[in-house]
Amino acid sequence: MIPHLPRLLELWRIAAHYRLDTLFAAEELPEKARHVLAIIRLHPAAWSSRERKNPLKLKQALEDMGPLAIKLGQLLSTRRDLISPDILTQLVLLQDRVKPFASDLARTRIQQALKADIDTLFARFDEQPLAAASVAQVHTAALHDGREVVVKVTRPDIRNQILQDFEILQWLGNLLEKRLEAARALHLSEIIQDYRQVILNELDLSLEADNTRRMRHYFTGSTMMYVPKVYMDSQDVMVAERIIGVPVSDTATFDRLGMDRADLAEKGLTIFFTQVFRDNFFHADMHPGNVFVETLNPVQPRFIALDCAIMGELSRHDQMTVARMLLAVMNSDFMQLIQIVHQAGWIPPGTDQDALAREMRRTVGPMVSRPMHELDFAGILIQVMDIARRFHLEIPPQLMLLLKTLVHVEGLGTDLYPQLDIWKLAKPILTEWVKAQMNPQKNLKELGQKIPDLLLGSQDLPTLMIDSLNGLKNQSAWHSKQLNELQNLRLQMEHQQKRSWIFGSLMAICLCIAIMSPWYISILLILLAALLAIWRITK
């Protein structure tokens, strides 16, 4: 059964009202995509709509569709290489120029969340929002000691809509997994479920505050990135230090101030690898509305990390797997790449690993040693997903957030400095990290740190051994009981077979004699056969 049918009908109405079918020429789309355009046109809202020539119809449609649609627009807004300029202009506005909600409602939510009057909390509170995005909007203010701050407050009544939309996505994911092998290989339904939790966490600004404090700790004193200080927080409100900077996409300002864009791009990539491998805590929502650059010191500018709501973490095993895979690609050693993937448990038994290596070399090989502007990471990723489908590879869901972040990073890097050689920069970073992880002294030190826990845990060892022995004893008794029952069942089956053989033989003898005997003897034999049949049925 299709969940939340009224919500689906509402999304259909919005698409028809804004005439989203007119965004693309039908002949430029695959055949299946053309069917979607035809469905949009069928809605009565499309017949009388005047939005055909509205230059902001896509932005407004995604705003009306809700937070998930806005998130999709934000992701696409970083892909200048994939999106036409007229559409991109609308999507960029979704980074921080979403339709705001009323300022009086924002004041009420702030006072309820922080349990104090606005005038008590702030010396000045600016009614006009500084920015508005999918989940929250931001107001500027000043504390009573003069410090300038930004006040982030969540949108009212969006949680239920997000839950509804994710139930629809989950239904679609399950449907695709039943029909498409690629969806099964990607664990699409698990990815949707994980992302659902990510978005729900984004609604809790106290979690964002904790993430911001954690990232600020990792980059304290850094010359590459600055993380603003958090002053107050609750589930619906966060008050943080106001920063001075411009979005990472504002290349005109960088050129006007004489900033070294190549150096800035290298810093950005170094920050990304530092987050993923040193800290294992990476920003997973890196659209230009969340990544700024300081302008106070153009000679040594720093990145500024905002909106730390969606963060990613990998297990130690996945960290090592990703690092070794990237190094194997950089070294063009695709047989080693397949061995690493095999060791990670992503390749099913019986896979032709030589053929898989050839496919990866054909697909991924050409991207090595190319500058940023010649890369098509999204296109390569699609080809890799196709290979995963054909070779039945199992891709862990927790890596999909990292892949999404890589798409963001490539899009931002292409805008900032297209000639950046990401492989030349990344290789020494990854090599040093892998060496550090495999350093015997480091591993012995970690083992030494765990010795107190091991010694404390050893006190429970006798109890665990007794419990294990009792478990084995009980399991052995259970197995013995099952064996006895099987033996009794086998004996019963043998008896049944013997009775069936005797019954069949007697019936055959009676029938043979009845055929060759006078009629009155035949009747007696038939009666005898009937009695035998009754006896057999009752046994």
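This section reports on the structure supplied with the text. (Residues numbered from 1 in each chain as written. Predicted model: local features only at pLDDT ≥ 70, side-chain atom pairs only at ≥ 80, totals over all residues. Heavy atoms only, no water.)

### Re the pattern of salt bridges
What counts here: Salt bridge, as used here, is a side-chain nitrogen of Lys or Arg placed within 4 Å of a carboxyl oxygen of Asp or Glu. The cut-offs for exposure are 20% and 50% of the maximum accessible area for each residue type, with area from a 1.4 Å probe on protein chains only; residues under the lower value are buried, those over the upper are exposed, and the others partly exposed. Each helix is a run of DSSP H or I of at least 4 residues and each strand a run of E of at least 2, with the numbering of both proceeding from the N terminus.
Tallied over the entire structure, the rule returns 23 salt bridges. Taking the shortest distance from any N to any O, the salt bridge between Arg19 and Asp21 comes out at 2.8 Å. Overall, the relative accessible area of 2% leaves Asp21 in the buried class. The shortest N-O distance in the salt bridge between Asp233 and Arg213 comes to 2.8 Å. Here Asp233, found in strand β6 (residues 230–233), pairs with Arg213, found in helix α12 (residues 205–218); they are 20 residues apart in sequence, far enough to count as distant. Accessibility expressed as a relative area gives 36% for Arg213, which makes it partly exposed. Salt bridges linked by common partners bring Arg124, Asp126, Glu148 and Arg242 together as one network.

### Observations regarding the packing of aromatic side chains
This is how it is decided: The aromatic pairing rule takes the rings of Phe, Tyr and Trp, using the six-membered ring of Trp, and pairs them if the centres are within 6.5 Å, calling planes under 30 degrees apart stacked, those over 60 edge-to-face and the rest tilted. For a Lys NZ or an Arg CZ to count as sitting over a ring, it must be within 6 Å of the ring centre and within 35 degrees of the ring normal.
This structure, assessed with the given rule, holds five aromatic pairs. With a centroid separation of 5.1 Å and 55° between ring planes, the pair formed by Phe277 and Trp433 is classed as tilted. Linking Phe277 in helix α14 (residues 261–279) with Trp433 in helix α20 (residues 422–437), this pair joins segments that are 156 residues apart in sequence. Between Arg214 and the ring centre of Phe281, over which it is positioned, the NZ or CZ distance is 3.9 Å. Positioned above the aromatic ring of Phe219, the side-chain terminus of Arg278 is 5.2 Å from the ring centre.

### Re the pairing of strand β4 (residues 148–154)
Here is the rule: Only strands joined by at least two bridges in the DSSP assignment are considered to pair.
Counting buried residues along β4, six of its seven residues qualify, which places the element largely inside the surrounding structure. Pairing analysis gives seven bridges linking strand β3 (residues 136–142) to β4, with the strands arranged antiparallel. When the sheet's bridge partners are listed, Ala141 is paired in β4 with Val149. Count of turn residues in the β3/β4 antiparallel hairpin: five residues, of which Gly146 carries a positive phi of about 95°. Pairing of β4 with strand β7 (residues 237–241), which is carried by five bridges, proceeds in the antiparallel orientation. Opposite Lys152, over in β7, you have Met238 as the bridge partner.

### Points about the sheet that holds strand β5 (residues 225–226)
Under the convention used in this document: Between two residues, a contact is recorded if the distance between any of their heavy atoms is within 4.5 Å. Here the axes come from fitting lines to C-alpha atoms, over the contacting stretch only for helices, and the angles between their N-to-C directions go from 0 to 180 degrees.
Spatially, four strands are ordered β5-β11-β10-β8 in an open sheet, and the strand pairing comes out mixed. Every other strand in the sheet has two partners, leaving β5 and β8 (245–247) as the edge strands with one partner each. Pairing between β8 and strand β10 (residues 291–294): three bridges, direction antiparallel. The partner of Pro247 across the bridge, within β10, is Phe292. Relative to the sheet, α14 contacts β5, β10 and β11 (303–305), its axis offset from that of β11 by approximately 40°.

### Brief notes about the environment of Ile40
One can find Ile40 in helix α2 (residues 31–42). On the basis of relative accessibility, which here comes to 10%, the residue Ile40 falls in the buried class. Distance in space between the C-alpha atoms of Ile40 and Tyr18 is 9.9 Å, their sequence separation being 22 residues. When sequence neighbours within four positions are dropped, the list of residues in contact with Ile40 reads Trp12, Ala15, Ala16, Asp21 and Ala46.

### Digging into the side chain of Glu294
Residue position: Glu294 is located in strand β10. What makes Glu294 buried here is its relative accessible area of 13%. Dropping the residues within four chain positions of it, Glu294 is found in contact with Tyr226, Ile244, Gly245, Met259, Pro301, Arg302 and Ile304.

### A few points about the packing of α14 against α20
Going by this rule: By the definition adopted for this analysis, an angle is roughly parallel if under 35 degrees, roughly antiparallel if over 145, roughly perpendicular if from 65 to 115, and oblique otherwise. The hand of a helix crossing depends on one turn: near helix anticlockwise from the far one by less than a right angle means left-handed, and clockwise means right-handed. Ten residues, namely Ala, Val, Leu, Ile, Met, Phe, Trp, Tyr, Cys and Pro, are considered nonpolar, four, namely Asp, Glu, Lys and Arg, are considered charged, and the remaining ones, Gly among them, are considered polar.
Contact pair α14 / α20: the axes reach a minimum separation of 10 Å and the direction vectors enclose 30°. With respect to each other, α14 and α20 are oriented roughly parallel. Once α14 is placed against α20, the crossing between them reads as right-handed. Listed contacts from α20 to Glu266, Leu269, Thr270, Phe273, Phe277 and Arg278 of α14 are Ile422, Leu425, Ala426, Ile429, Leu430 and Trp433. In terms of residue class, the contact of α14 with α20 is built from nine nonpolar, one polar and two charged.

### Some words on the nonpolar core
The following threshold applies: Throughout this description, the term nonpolar core refers to a set of buried Ala, Val, Leu, Ile, Met, Phe, Trp, Tyr and Cys residues connected via side-chain atoms within 4.5 Å.
Core analysis: the largest hydrophobic core is formed by 77 residues, its most contacted members being Met215, Met225, Phe277, Phe303, Leu356 and Met360. Here this core takes eight residues from α14, the largest share from any one element. Not counting residues within four places of it along the chain, the set of residues in contact with Phe303 comprises Met224, Met225, Tyr226, Val248, Leu264, Lys267, Gly268, Ile271, Val291, Phe292, Val293 and Leu416. Formed by 20 residues, the second largest nonpolar core is a distinct cluster that contains Ile14, Leu20, Ala69 and Ile83.

### Observations concerning unusual backbone geometry
Both trends apply: most residues other than glycine have a negative phi, and most peptide bonds are in trans. At Arg19, a residue that is not glycine, the phi angle is positive and equals roughly 50°. Along the chain, Arg19 falls in the loop between α1 (5–17) and α2. On the accessibility criterion, Arg19 (9% relative accessible area) is buried. One non-glycine residue with positive phi stands out, namely Asn280, at about 50°. Classification of Asn280 as buried rests on a relative accessible area of 16%.

### Topic: helix α17 (residues 353–364)
Here is the rule we go by: Each helix should span, by expectation, one fewer than its residue count multiplied by 1.5 Å. Each polar contact in these results corresponds to two N or O atoms within 3.5 Å; when the atoms are within protein, one needs to be able to donate a hydrogen and the other to accept it, and residues that are neighboring in sequence are counted only if both atoms are side-chain atoms.
The terminal C-alpha atoms of α17, which comprises 12 residues, lie 16 Å apart, in line with the 16 Å expected from a rise of 1.5 Å per residue. Every buried residue of α17 is listed here: Ala355, Leu356, Ala357, Glu359, Met360, Thr363 and Val364. Two to three positions downstream of the cap, the backbone nitrogen of Asp354 sits 3.3 Å from a side-chain oxygen, assigning the N-cap of α17 to Asp352.

### What about the side chain of Glu177?
Along the chain, the position of Glu177 falls in helix α9 (residues 159–179). Exposure remark for Glu177: the relative accessible area of 16% places this residue in the buried category. Beyond its immediate stretch of four places on either side in the chain, Glu177 contacts Ala183, Arg184, His187, Leu188 and Ser189.

### Notes on the packing of α14 against helix α15 (residues 316–330)
The N-to-C vectors of α14 and α15 enclose an angle of 135°; their axes lie 10 Å apart at closest approach. Looking at the two axes, α14 sits oblique to α15. Touching Phe273, Val276 and Phe277 of α14 are Gln319, Val322, Ala323 and Leu326, all from α15. Residue composition of the contact of α14 with α15, by class: six nonpolar, one polar and no charged.

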